[in-house]
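Chain by chain, the residues run as shown.
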Amino acid sequence: MAQDYDSPRNKDEDEESLQALGKGSQNNSNDMDDDENAIAEDYELPGADLSNEDASVTVIPMQGDEFICSECFLVKHRSQLDHTTADGQPVCKECAA
């Protein structure tokens, strides 16, 4: 359908469409608030008392082919070793970049 963009506009239609847009944005903001509240319920704040919780993660000791980067303190595979500092501290490729 062709529309004549040069014709004068009807103000009543503009006001109605603006009101409809305003109602739609209010409904969307309520939905977003509900989503944010649901996310916030699952989020645990740092420093929370977790003394009665059981850890379900198995910690594996550092392997012989791994090192701890002296810059980022992450355990890396030896293929990620870039260099060692003058005092013998290893530095990974990411930190050396």
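Residues numbered from 1 in each chain as written. Predicted model: local features only at pLDDT ≥ 70, side-chain atom pairs only at ≥ 80, totals over all residues. Heavy atoms only, no water.

### Quick look at the side chain of K76
Moving on, step 1. You can see K76 is positioned in strand β2 (residues 75-77).
Moving on, step 2. Of the residues examined, K76 reaches a relative accessible area of 12% and is grouped as buried. (Helix = DSSP H or I, 4+ residues; strand = E, 2+ residues; numbered from the N terminus. Buried < 20%, exposed > 50% of the residue type's maximum accessible area, 1.4 Å probe, protein only.)

### Thoughts on the pairing of strand β3 (residues 81-84)
Moving on, step 1. Pairing geometry for β3 and strand β4 (residues 90-92), over three bridges, is antiparallel. Opposite T84, over in β4, you have P90 as the bridge partner.
Moving on, step 2. Hairpin remark: β3 followed by β4, antiparallel, with five residues in the connecting loop; positive phi at G88, about 85°. (Pairing = 2+ DSSP bridges.)

### Quick word on the pattern of salt bridges
Moving on, step 1. Applying the stated criterion across every chain, the model contains one salt bridge.
Moving on, step 2. Residues K76 and E94 are paired through a salt bridge, measuring 3.3 Å at the closest nitrogen-oxygen approach. Remark: E94 occurs in helix α2 (residues 93-96) and K76 occurs in strand β2; sequence separation between them is 18 residues. (Salt bridge = Lys/Arg side-chain N within 4 Å of Asp/Glu carboxyl O.)

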